[in-house]
Amino acid sequence: MDQTIEILLKALTFAAQKHRDQRRRDQPQSPYINHLLEVARLLWEVSSVRDAATLAAAVLHDTLEDTNTTPDEIRDIFGEEVLGLVQEVTDDRSLPKQRRKQLQIEHAPHISAKAKLIKLADKISNVHDLLYSPPHRWSLLRKQQYLLWSEKVVAGLRGSNPALEQRYDELLADGKKLLDTEKETP
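Definitions and limits used
- Residues numbered from 1 in each chain as written.
- Predicted model: local features only at pLDDT ≥ 70, side-chain atom pairs only at ≥ 80, totals over all residues.
- Heavy atoms only, no water.
- Helix = DSSP H or I, 4+ residues; strand = E, 2+ residues; numbered from the N terminus.
- Rg over C-alpha atoms; globule rule 2.2 N^0.38 Å.
- Contact = heavy atoms within 4.5 Å.
- Areas by Shrake-Rupley, 256 points an atom, 1.4 Å probe, with all protein chains shown as cover.
- Lys, Arg positive; Asp, Glu negative; His and termini not counted.
- Charge placed at Lys NZ, Arg CZ, Asp CG, Glu CD.
- Salt bridge = Lys/Arg side-chain N within 4 Å of Asp/Glu carboxyl O.
- Axes fitted to C-alpha atoms, helices over the stretch in contact; angles between N-to-C directions.
- Parallel < 35°, antiparallel > 145°, perpendicular 65-115°, else oblique.
- Left-handed = near helix turned anticlockwise from the far one by under 90°.
- Nonpolar A, V, L, I, M, F, W, Y, C, P; charged D, E, K, R; others polar.

Engineer: What am I meant to see in the overall build of the protein chain here?
Structural biologist: A count of helices and strands for the protein chain gives ten helices and zero strands. N-terminal to C-terminal, the α/β element order of the protein chain is α-α-α-α-α-α-α-α-α-α. Against the globule reference of 16 Å for 186 residues, the protein chain gives a C-alpha radius of gyration of 16 Å, in line with a compact fold. Projected onto its principal axes, the C-alpha coordinates of the protein chain cover approximately 55 × 35 × 30 Å. For the protein chain, the proportion of contacts with a sequence separation of at least 24, taken over those separated by at least 6, is 68%. If you sum the accessible surface of the protein chain, you get close to 9,900 Å²; carbon and sulfur atoms cover 51% of it. Placing the 27 positive and 29 negative side-chain charges of the protein chain at their respective mean positions leaves the two points 5 Å apart.

Engineer: Just checking my understanding: could you explain the pattern of salt bridges for this structure?
Structural biologist: Oppositely charged side chains can pair when the atoms bearing their charge come close. Under the counting rule described, the total for this entry stands at 15 salt bridges. Among the ionic pairs, Glu 38 bridges to Arg 41, the shortest N-O distance being 2.7 Å. In this pair, Glu 38 and Arg 41 both sit in helix H2 (residues 33-45), three residues apart, roughly one turn of the helix. Its salt-bridge partner being Lys 114, residue Asp 51 comes within 3.4 Å of it at the nearest N-O pair. Of the two residues, Asp 51 is situated in the loop between H2 and helix H3 (52-60) and Lys 114 in helix H8 (residues 113-132); the sequence distance between them amounts to 63 residues.

Engineer: Help me understand the environment of Glu 81 in this model?
Structural biologist: Inspection of the secondary structure puts Glu 81 in helix H6 (residues 80-88). With 28 residues separating them along the chain, Glu 81 and Ala 53 place their C-alpha atoms 6.6 Å apart. Apart from residues lying up to four places away in sequence, Glu 81 is in contact with Asp 51, Ala 53 and Lys 114.

Engineer: Any chance you could explain the packing of helix H1 (residues 2-18) against H2 here in plain terms?
Structural biologist: To characterise two packed helices, one gives the angle between the axes of the helices and the distance between these axes. At a minimum axis distance of 10 Å, the contact between H1 and H2 shows a crossing angle of 160°. Regarding the angle of H1 to H2, the classification is roughly antiparallel. The handedness of the crossing between H1 and H2 is right-handed. Listed contacts from H2 to Thr 4, Leu 12, Ala 15 and Ala 16 of H1 are Ile 33, Leu 36, Leu 37 and Trp 44. The residue makeup of the contact of H1 with H2, split by class, is seven nonpolar, one polar and no charged.

Structure below.
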């Protein structure tokens, strides 16, 4: 357990430094680190993940994609397993956004079991934020499209963790109701 706490604290410090100037797109512009903490918390509390590499990779899952972090930095500090997990859930930012989204759907069934847990917790966190602290200026249609897309990604992650899947399903059902209500409100 001590090794898990040590690597997790190291990952939190690293991620906080790398994402220090980033904000979420919600109305209050929450610090980006809040999202990373939520992904790790979901893994710990909902799915009882205690694996150090999985928890560290959850905290680091956006560093390659959204910061100037290099794969070598992650490998040198956290090891090959953590780097591999982070790479499995990282989008190729050189591709157009729609292509990246399609690749997430296509790759989801083929990533490792640990990467599936991270990806599923990430989708739960993103859908929660979309519904209860939505990105500034997102239209109803864009929110609905995100929910539909997230369903397709999660379909490829099914069978990885019943507790996380149930949390996602409940959140998705709430989201559909909430967005239907938003649609009806003039």
